[in-house]
Structures are given as structure tokens and as C-alpha cells.
Amino acid sequence: MQAGLHGLEKARATLEDALYGTALYRVSLRGKRPEALAFGPVDPWPGDSSRGAALRGDAYAFAGATVTASATPPWRPDGASQAWIEAMHGFQWLRDLNALNSAEARAHGRRLVMDWIERGGAWGKLTWRADVLGRRLVAWLSHSGLLLAEADRASAEMILGSLAEQARHLNRVAASGPDGGPRIAAIKGLIYAALCLPGDAARLAQALRLLEHELNRQILVDGSHVARSPTQHLAVFCDLVELRALLAAARQPACEALRGAIDRMAPMVRFFRHGDGGLALFNGSNEQDPQMIDRALTLGEAVGKAPVSAPHGGFERLLAQRTLVITDVGAPTALSADCAHGGALSFEMSVDGRRMIVNCGAHSGDDEVWRDAMRATAAHSTVAIDDENMLERQADGRLGRGPKRVVSNRLEDGGNVWLDATHDGYREMFGLTHRRRLYLAADGDSLRGEDILSGGNRVARFTIRFHLHPAVKASLTADGAGALLRLPNGEGWRMRTGGAALVVADSVYLGREGEVNRTEQIVLSGQIKGGTATIKWALSRVPAKKK
């Protein structure tokens with residue numbers, strides 16, 4: 001039944017795409033052009049003047065790639081990734097031009113917008129997708145001073161007319177656009193348009209009802225976003241705090257669902273932060289900019305502390321003195337399919353604000369080989385069986401086999417923390433259940449682990465990976481039974497294991513968008529015999545040598 005519904009949705013989307021590209025449909029978007037904006041919002045996010053200067057020099061750097069074009073703006077350059085196209089047509093870079101605070105930069109921004117209206121704004125499935133369109137409307141309206149204050153009459157009329165046409169289309173497609181965080185981005189664009197374009201009071205009420213519906217669907221009781229992705233969680237949180245600020249500036253009440261979602265999500269933003277201020281790398285996430293995260297929490301007037309558990313989102317946070325461990329103890333859902341990774345029971349560990357054990361991160365480009373590699377179980381600090389991925393992604397993007405039941409129990413006593421978690425992601429392939437037990441000592445100087453594989457009916461090979469941050473260097477101990485990890489401040493940690501062979505191998509780190517950094521991993525491996533295997537390991541701080 002679900003497969004049939006999915007097929008109908010694809011057929012409908014194909015027909016709509018064919019319709020939206022016609023001249024007749026474009027005519028249907030025409031209507032009364034506003035003579036001026038009813039309200040001019042202010043962009044709450046600071047721009048980057050260095051990026052603005054690069055744009056003035058016709059260098060368009062998005063999603064880890066730079067396109068240079070001196071003659072005309074490169075709206076759809078050959079070879080550009082989807083993420084690059086989304087950023088280019090989303091126009092959030094207007095804040096970077098605005099940060100230059102010069103008439104020349106403002107004029108350059110107007111020229112780019114006018115060029116988009118005249119050449120770059122032709123229908124495109126990606127560039128007119130509901131979330132990209134929503135962000136474009138927000139960017140143009142938030143920088144109306146840059147676009148309209150010094151514009152000649154003809155340019156102002158073209159910009160206002162385009163805003164109205166784009167808003168009409170968004171009003172038709174926002175509710176059926178990509179689900180999850182992108183849908184909230186589209187609704188945000190609707191609310192901006194309803195407040196800023198004259199005569200849209202009815203659309204405001206409709207958009208707020210749609211927002212409330214999505215918040216009830218997407219924000220879980222513990223404040224987690226249903227996608228289980230720290231990066232998507234942050235993106236939605238930023239959209240919501242911006243919306244609340246917009247409504248306050250326009251003297252419009254914020255609905256209880258919006259206020260409640262912000263209050264619940266803010267502590268979870270803190271939950272996902274390492275001591276360096278960036279986010280943990282679960283389910284398609286990158287570190288993100290710590291200053292931007294600080295700004296979002298300030299705008300959100302966030303007062304709640306990071307919780308220790310997120311039972312609905314499926315994460316645990318173990319903290320003792322200077323040592324932090326964040327663990328994925330949740331199962332993917334249909335709504336999280338786009339960003340779901342095969343990393344059940346993986347963990348990240350940082351010490352005194354320095355990342356030590358990590359997951360590999362996420363690829364932001366269009367290379368499917370890289371994207372699949374980063375989603376794979378092998379790219380996470382967890383257990384893999386015969387190097388098979390625990391989570392299957394089907395050809396249509398939906399999730400197939402994988403963890404269906406992930407359970408965890410937590411115990412604390414005197415500052416010591418125990419975590420006992422199990423997932424069934426390998427049951428269908430191998431009949432195996434993975435149980436991981438962690439113990440973090442109260443002084444933060446020791447993390448002990450035990451990985452138990454049970455229930456199998458054939459010989460298989462296990463691999464336990466501990467991916468290291470690029471700033472951490474590893475070497476085998478003299479007896480070859482352990483490894484010494486050296487942090488950039490000179491601090492050392494020793495890993496010991498029982499029941500497995502230990503090697504230091506190459507790895508990669510994609511923690512920052514658009515970057516691929518070489519790093520190392522500690523790999524424990526061995527065979528599962530008789531349907532079971534128990535592997536114990538320990539990480540302990542090496543006492544500093546006395547001078």
C-alpha cells in the first residue's frame with residue numbers, strides 16, 4: 001500500500017513539474033503588484049564581510065566549492081552540486097554583501113537580484129522547490145533596504161512584482177514540499193510574505209496554522225527534531241527563533257506551539273554541542289559555526305541546560321568533569337530517511353573541549369560514492385558485521401532493513417555513569433543483536449566499553465571502529481595490544497582491548513562542510529564464533545609525566 005502511495009506521489013510530482021514550467025502557469029502567478037512593502041523585517045543574522053568581498057569580486061563560494069564568473073552571475077554552472085545551487089538561489093548571501101556597508105555592495109546585490117529576475121529565475125525543479133523558494137523570499141524581504149531603498153522605480157517595481165509572484169507559487173506548494181526541516185523553511189517564507197506584502201492577512205493565519213501542524217509533527221516531547229540530525233535540528237531552531245523575532249517586530253502574537261518548540265529545542269541544541277562549541281556528527285551533520293550557534297541561542301532566549309538524556313530523539317549524553325560522550329541510541333524513522341546514517345550505538349568523545357573520538361561526518365556534494373560512504377556503518381564509531389551496512393537505503397531513497405528496535409538504560413551513581421544499549425540492525429542479515437555497555441568514571445579519566453554480539457547462526461567477522469579527530473595522533477603501544485592517543489595539547493589517552501586484534505588505520509573526517517581531511521582510526525576486529533562474541537575495551541587518561 002505504501003509503495004503504491006509513493007508511486008502516486010511521484011506521478012503527481014512529475015505532472016506538477018511539467019505544469020510549473022509552462023508559460024501558462026507563469027501567467028497564473030501574475031496579479032496585482034504591490035507598490036511598497038507593508039513591513040520591512042531586519043535580518044537577525046550577521047553577514048561575513050570577507051565573503052561579501054569575494055562576491056563583489058564575482059567569486060561565488062558555497063557548499064565547499066567556488067565558481068568564478070566575471071561577466072554574468074552563474075545561476076546554473078556546469079558541475080555545480082545541488083547544495084551549491086540551493087545556496088546560490090537561496091540568496092542568504094545577501095547578508096554578506098550587506099556586511100560591507102557600502103553603496104557599491106548594495107548596488108551589486110540589486111544587480112544580482114535583477115539578473116535573477118531577468119535570466120536566472122526561469123522555472124527549475126530545484127530552484128523553485130518550496131524550501132529554496134521560502135529562503136529566497138526571506139532573504140529578499142529581510143534585505144529590502146538593500147534592494148529597494150536606493151533602487152530606481154523600474155527596478156523596484158520588478159523586484160516587488162517578482163516577490164508577489166514567488167509568494168503566490170509558494171502558497172500553493174509549501175504544504176506539499178519536501179518534508180521535515182525543509183517544509184518549515186518553506187512555511188517560514190510564507191509567513192514572511194504574508195507579513196510583508198500588502199493584503200495577505202488571511203494567508204498569515206493559514207501559514208501559522210500550517211506551522212503549528214508541522215511543529216506538532218516534527219518536534220518531539222524531549223525537544224528533539226524528528227530527523228535525529230543535529231544539523232537539521234539547528235536549522236529548524238534557527239528558523240523558529242527568527243520567526244518569533246519577526247512576529248514580535250510586526251506586533252503579531254506567536255502561537256503557543258512556536259514558543260513551546262523553541263523552549264524545548266534550545267536545551268537539545270546544547271545537548272549536541274561539544275566543548276569546542278560545534279555540533280556532534282550524527283545523521284548527516286557537520287560541526288557548524290559555534291558563533292552562529294551562540295547567536296541562535298541568544299535570539300532564542302534559551303535558558304534550559306543540556307539534558308542528559310533525549311529518550312524520544314534517541315541520544316544519551318555522558319559527562320564527567322572534562323570528558324563528554326554523546327551516544328546514538330535511537331532508530332531511524334521514515335521522516336528522517338534523507339539524513340539517516342547507519343550509526344546505531346556510535347558515540348563521540350571530547351576531552352576538555354577537544355574532540356577525540358568522532359564519526360566521519362557528512363558529504364555535502366552530489367558524489368553518491370562519498371554520500372553512501374559517509375552514511376555507511378563503517379564511517380561511524382560503532383560495530384560493523386562483515387563490513388555490511390546496518391541500514392539499507394533503497395533506490396527511491398526510502399529506508400529498507402535496519403535497526404527497528406533500539407533500547408537503552410542509564411544509571412548514575414556518585415558521578416559515575418553507566419549506559420547499556422542494544423540494537424537489532426543486524427538481525428535480519430546475520431541474526432545478531434549488538435549490545436554496547438559504556439562506563440564513564442566520575443573523574444572523567446576512564447571510559448570503558450563492552451560490545452556483545454549474540455544470536456547469530458554462522459561465522460562472521462566483526463569490526464569495531466573508533467574514528468579519531470584529525471588533531472589526534474595514534475600509535476601502537478610497544479606490545480601491540482593497545483594504542484596511545486595524543487591530543488594537540490600533549491595530553492595522552494591509552495586504549496586497551498581484550499578479545500580482538502587492534503590496528504591503527506587511515507580514515508577521513510568530513511566534519512566541516514566542503515572539507516575532506518585525512519585522519520586515523522583504531523580498529524578492533526575478530527570472528528564471531530558460536531553465534532556470540534564479547535569484546536572489552538578501555539580508554540584511560542595517561543598521567544602527565546612529572547618534570
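What you see is a predicted model; the values in this text were computed from it and never measured.

**Q** When you look at the overall build of the protein chain in this model, what are you seeing that I'm missing?
**A** Scanning the protein chain from terminus to terminus reveals 16 helices and 19 strands. Taking 2.2 N^0.38 as the reference for a compact globule, 547 residues should give roughly 24 Å; the C-alpha atoms of the protein chain span a radius of gyration of 25 Å, in line with that estimate. Taken across its 547 residues, the protein chain has 54% of its residues classed as buried. The long-range share in the protein chain, meaning contacts at least 24 apart out of those at least 6 apart in sequence, stands at 68%. Separation of charge centres in the protein chain, based on 67 positive and 61 negative side chains, amounts to 2 Å.

**Q** What am I meant to see in the nonpolar core here?
**A** In a soluble, globular protein the nonpolar side chains are often hidden away together inside. Formed by 92 residues in total, the largest nonpolar core has its most connected members in Trp93, Ile191, Leu240 and Leu258. Sort the elements by how many residues they give to this core and helix H10 (residues 181-196) lands first, with ten residues. Beyond its immediate stretch of four places on either side in the chain, Trp93 contacts Leu55, Phe62, Trp75, Ala87, Met88 and Leu112. Tyr426, Leu453, Ile522 and Trp537 belong to the second largest nonpolar core, which has 48 residues in total.

**Q** Please clarify how the packing of aromatic side chains should be interpreted in this entry.
**A** Aromatic ring pairs: the centre-centre distance and the angle between the two ring planes describe each pair. Tallying each qualifying case throughout the model produces 18 aromatic pairs. Between Phe91 and Trp116, the ring centres sit 6.2 Å apart and the planes meet at 85°, which makes this aromatic pair edge-to-face. Here Trp116 lies in helix H6 (residues 103-120) and Phe91 lies in the loop between helix H4 (82-90) and helix H5 (94-98), a separation of 25 residues in the sequence. Note on accessibility: Phe91 and Trp116 belong to one class, buried. Note on Phe271 and Phe272: the rings are 5.3 Å apart at their centroids and 80° apart in plane angle, and the pair reads as edge-to-face.

**Q** Where do I start with H10 in this structure?
**A** Each α-helix winds once per 3.6 residues, and so residues spaced three or four apart point in a common direction. An ideal rise of 1.5 Å per residue puts 22 Å on 16 residues; H10 measures up with 23 Å between its terminal C-alpha atoms. Of all 16 residues that make up H10, 15 are buried, and the element is covered over most of its length.

**Q** Can you help me understand the packing of H10 against helix H12 (residues 230-249) in this one?
**A** Two quantities define a packed helix pair, namely the angle between the helix axes and the distance between the axes. For the pair H10 and H12, the least separation of the axes is 10 Å and the interaxial angle reads 15°. Relative to H12, the element H10 is oriented roughly parallel. Read as a crossing pair, H10 and H12 show a hand that is left-handed. Note on element contacts: H12 touches H10 through Gln232, Val236, Asp239, Leu240, Glu242, Leu243, Leu246 and Leu247, opposite Gly181, Pro182, Ile184, Ala185, Lys188, Ile191, Tyr192 and Leu195. When grouped by side-chain class, the residues that make up the contact of H10 with H12 number eleven nonpolar, two polar and three charged.

**Q** Please explain the environment of Glu515 as it appears in this structure.
**A** Within the secondary structure layout, Glu515 lies in the loop between strand E17 (501-509) and strand E18 (517-528). Since its relative accessible area comes to 36%, Glu515 is described here as partly exposed. Placed 355 residues apart in sequence, Glu515 and Leu160 show a C-alpha to C-alpha distance of 38 Å. Each residue touching Glu515, except ones within four places of it in the same chain, is listed here: Tyr509 and Leu510.

**Q** Please clarify how the pairing of strand E14 (residues 473-476) should be interpreted in this entry.
**A** On a regular strand, one side chain projects to one face of the sheet and the next to the other, so that they alternate. The pairing of E14 with strand E15 (residues 482-486) spans four bridges and is antiparallel. Residue pairing in the sheet places Leu476 in a bridge with Ala483 of E15. A loop of five residues connects E14 with E15, the two strands running antiparallel in sequence, and Gly480 in this loop sits at a positive phi of about 75°.

**Q** Got a minute to help me understand the sheet that holds E15 in this structure?
**A** Consider a sheet: its strands pair through backbone hydrogen bonds, and that pairing is either parallel or antiparallel. Across the sheet, eight strands lie side by side as E9-E10-E11-E12-E19-E16-E15-E14; this open sheet has antiparallel pairing. Edge strands, defined here as strands with exactly one partner in the open sheet, are strand E9 (406-413) and E14. If you compare each strand with its neighbour and ignore which way they point, the axes differ by 15° on average.

**Q** Even after reading the chapter, I still don't get the pattern of salt bridges, so can you show me in this structure?
**A** Note on pairing: side chains with opposite charge can pair once their charged atoms come close. Evaluation of the coordinates by the stated rule reveals 38 salt bridges. In this structure, Asp96 and Arg51 form a salt bridge, with 3.2 Å as the shortest nitrogen-oxygen distance. In this pair, Asp96 sits in helix H5 while Arg51 sits in helix H3 (residues 49-56), placing the two residues 45 residues apart along the sequence. Residue Arg51 is classed as partly exposed on the basis of its relative accessible area of 44%. For Asp479, the salt bridge is made with Arg496, and the minimal N-O distance between the two is 2.9 Å. Of the two residues, Asp479 is situated in the loop between E14 and E15 and Arg496 in strand E16 (residues 492-498); the sequence distance between them amounts to 17 residues. Looking at Arg496, the relative accessible area reads 35%, which means it is partly exposed.

**Q** Help me understand the pairing of strand E2 (residues 65-68), please; the structure alone is not making it clear to me.
**A** With four bridges connecting them, strand E1 (residues 59-62) and E2 associate as antiparallel partners. Bridge pairing links Tyr60 to Val67 in E2. Joining the antiparallel neighbours E1 and E2 is a turn of two residues, in which Ala63 adopts a positive phi near 50°.

**Q** What is the right way to look at the side chain of Ser224 in this model?
**A** The topology assignment puts Ser224 in the loop between helix H11 (201-218) and H12. Among the residues examined, Ser224 registers a relative accessible area of 3% and is labelled buried. Here the side chain of Ser224 touches Asp222 through a polar contact of 2.9 Å, side chain to side chain. The contacts of Ser224, once residues within four sequence positions are left out, are Gln218, Ile219, His233, Met268, Ala310 and Gly313.

Calculation rules
Residues numbered from 1 in each chain as written. Predicted model: local features only at pLDDT ≥ 70, side-chain atom pairs only at ≥ 80, totals over all residues. Heavy atoms only, no water. Helix = DSSP H or I, 4+ residues; strand = E, 2+ residues; numbered from the N terminus. Rg over C-alpha atoms; globule rule 2.2 N^0.38 Å. Buried < 20%, exposed > 50% of the residue type's maximum accessible area, 1.4 Å probe, protein only. Contact = heavy atoms within 4.5 Å. Lys, Arg positive; Asp, Glu negative; His and termini not counted. Charge placed at Lys NZ, Arg CZ, Asp CG, Glu CD. Core = buried A, V, L, I, M, F, W, Y, C linked by side-chain atoms within 4.5 Å. Phe/Tyr/Trp six-rings, centres within 6.5 Å; stacked < 30°, edge-to-face > 60°. Expected span 1.5 Å × (residues − 1). Axes fitted to C-alpha atoms, helices over the stretch in contact; angles between N-to-C directions. Parallel < 35°, antiparallel > 145°, perpendicular 65-115°, else oblique. Left-handed = near helix turned anticlockwise from the far one by under 90°. Nonpolar A, V, L, I, M, F, W, Y, C, P; charged D, E, K, R; others polar. Pairing = 2+ DSSP bridges. Salt bridge = Lys/Arg side-chain N within 4 Å of Asp/Glu carboxyl O. Polar contact = N/O pair within 3.5 Å; in protein donor to acceptor, adjacent residues only side chain to side chain.

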